[in-house]
Amino acid sequence: MNVDVELALAPADTFERLAQDRAHGLVVPLAGRLLLALTVMGTSVAISATGRVGVEMVASIAAAWSFTLLVQAVAAAVVIVPARPRTVTRLRAFELWFQAHVPWSLWFLLPPLYFVVIGRRPTDNVVMAAALVPMVWTAVLMRAFARRVLQSPRAELVTVVHQAVLWGLTLCYIAFAIGGWGRVLNEVGL
Amino acid sequence: MTRGQWAAAGLVAASLVAGSLSPRPPLREPIRAGGYWILAVDFHVHGFPGDGALPPWLLRDEAARAGLDAFALTNHNRVSTARFARRHAGTPGPIVIVGQEITAQGFHIAAAGLEERVDWTHGAAAAIRAVHAQGGVAIAAHPDRHYTAGWDDGAVALADGYERAHPSMRDPEAGADFATFAARAVALHPGIATIGSSDYHTGLSPGICRTLVLARERSVEGVIAAVRDGRTVAMDMDGRLYGNGDAVRLVREAGFPPPARRPFTPASRTSIAAAVAGLLLLALL
């Protein structure tokens, strides 16, 4: 089984094994995972927005939306950098964290797959509601990562901090995109 | 990487290259009738950065593919993306109009022909006056029950146009709301421009609902002047026309084609399928 899938299905054991296998990070595997994430995102958005794929289009969309990976990296850095008991280098910790991409990769790729097979797109509401799955799944992965890679005795707290930074930054972008915080509050009924 | 992953990566690369090589439709020649250019315009389009999916340079390409002659990039409460799009609109293609979706509780206004951001905090009438002060036009955006509480009669009378065709009209309740607002708008402002807009973020194509503008010149100024004078016809997703009788007749006689749904050719479907399959294999194999 692909180790990324294994990580998604059995995160605690897999993170522990991978951390023991190699303590030092390598740039190429990390860059490969980032490139895969960008290609998945660029392709999925291109299909959803235009119904086509192409090199320039996917590259343009991936470049534009690459800031979402930066957001992921910042949220990860907040918990990786100060983690003292970890037995792997920072680079290795980032490498392992970005290996936990399967939930979001599936979320990006299943709607276009549905489109190809069924011939029509799932509605936006369905796609947005389905995002709950990778959100929860990724929090579970972070808890295992905090425990087995960061060696944190307070894995739940690390998970909460990570999720708060991640979704706090995401909300900031949403507020920017939809016209300000007033509308964000209005949309959630406050 | 395993051999299988290299093969999957090759499949993704080949599908993207194949997608790039597929022929693109030629730019449509604008139609001239009754002494006007009949221009297909979308006054309500969102881009990145914002809540639209596509960066400005791809948006313009999408607009061209959709057969639009012009579009207003109207991100929520900002004009920076639209100004960027206009600055980089070098090659032949649709005219880019700088706009803003003025977004406040109770009203949204698709404003076109702006240079600076308009304040949205002082009510619809004040926002419309600010749009006019910049030489732009203000269009009541998707005026269903969720977005009309802030439209008092004074604001409606000041507006230059209202969206009469919009993808959300497929919901019968929203469609009824649009019709109600239309009757009110025409009563308060006879000659108000009838607008069709896609409100494109992602999914449906830009221009899927559109405005056919009877312009004296093919320029931003020509488009804005036509809206101000009410020389517009809204076209919905099924090609139905809304507007004053003379303008509708002119458009009908000109044989303006209805908005085309995206043509999913076997080639495009194949390249999408190959790209998705390759990425799934790459991620999961």
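Scroll up to find the structure.
Residues numbered from 1 in each chain as written. Chains lettered and ligands numbered in written order. Predicted model: local features only at pLDDT ≥ 70, side-chain atom pairs only at ≥ 80, totals over all residues.

1. Let's talk about the overall build of chain B
Reasoning step 1: Each helix and strand in chain B was counted, giving nine helices and 11 strands.
Reasoning step 2: For chain B, the C-alpha radius of gyration of 20 Å lies close to 19 Å, the compact-globule estimate for 285 residues.
Reasoning step 3: Over its C-alpha atoms, taken along the principal directions, chain B stretches across nearly 70 × 40 × 40 Å.
Reasoning step 4: For chain B, the proportion of its 285 residues judged to be buried stands at 53%.
Reasoning step 5: Within chain B, contacts between residues at least 6 apart in sequence are counted, and of these 67% link residues at least 24 apart. (Helix = DSSP H or I, 4+ residues; strand = E, 2+ residues; numbered from the N terminus. Rg over C-alpha atoms; globule rule 2.2 N^0.38 Å. Buried ≥ 20, exposed ≤ 12 C-beta atoms within 10 Å, placed from the backbone. Contact = placed C-beta atoms within 7 Å.)

2. With respect to the overall build of chain A
Reasoning step 1: On a plain count of helices and strands, chain A comes out with 11 helices and zero strands.
Reasoning step 2: Going from the N terminus to the C terminus, chain A shows its helices and strands as α-α-α-α-α-α-α-α-α-α-α.
Reasoning step 3: For a compact globule of 190 residues, the expected C-alpha radius of gyration is about 16 Å, and chain A comes in at 17 Å, within 12% of that figure.
Reasoning step 4: In terms of overall dimensions, chain A has a C-alpha envelope of 45 × 40 × 25 Å along the principal axes.
Reasoning step 5: Burial status across chain A gives 41% buried among its 190 residues.
Reasoning step 6: Restricting the contact set of chain A to residue pairs at least 6 apart, pairs at least 24 apart contribute 68%.

3. Concerning the pairing of strand 3 (residues 70-73) of chain B
All names here are of chain B.
Reasoning step 1: Alternating positions in strand 3 separate into two faces, Ala70 and Ala72 on one and Phe71 and Leu73 on the other, with burial throughout.
Reasoning step 2: Two strands pair when backbone bridges link them, and strand 2 (residues 36-45) and strand 3 are joined in this way by three bridges, in the parallel orientation. Counted as the bridge partner of Val45 is Leu73 from strand 3.
Reasoning step 3: You can see the chain leave strand 2, run along helix 2 (residues 56-65) and come back into strand 3, and the turn it takes is right-handed.
Reasoning step 4: Where strand 3 and strand 4 (residues 95-104) come together, four bridges link them in parallel fashion. (Pairing = 2+ DSSP bridges. Right-handed = clockwise from strand over helix to strand, strands pointing away.)

4. Re the interface of chain A and chain B
Reasoning step 1: Residue-level contacts link 38 residues of chain A with 36 residues of chain B.
Reasoning step 2: The greatest single-element share of the side of chain A that touches chain B, amounting to nine residues, is contributed by helix 3 (residues 27-50) of chain A.
Reasoning step 3: A per-class count over the side of chain A that touches chain B returns 19 nonpolar, 13 polar and six charged. (Nonpolar A, V, L, I, M, F, W, Y, C, P; charged D, E, K, R; others polar.)

5. A word on the nonpolar core
Reasoning step 1: Ranked by size, the top nonpolar core spans 139 residues in total, and within it Phe145 of chain A together with Phe71, Ile97, Ile109, Ile139 and Val223 of chain B carry the most contacts.
Reasoning step 2: With eight residues, helix 3 of chain A is the largest single contributor of residues to this core.
Reasoning step 3: What Phe71 of chain B contacts, discounting residues up to four positions off in sequence, is Val41, Asp42, Val45, Ala63, Pro94, Val96, Ile97 and Pro206 of chain B. (Core = buried A, V, L, I, M, F, W, Y, C linked by C-beta atoms within 7 Å.)

Geometric descriptors of this kind do not, in isolation, establish any biological role.
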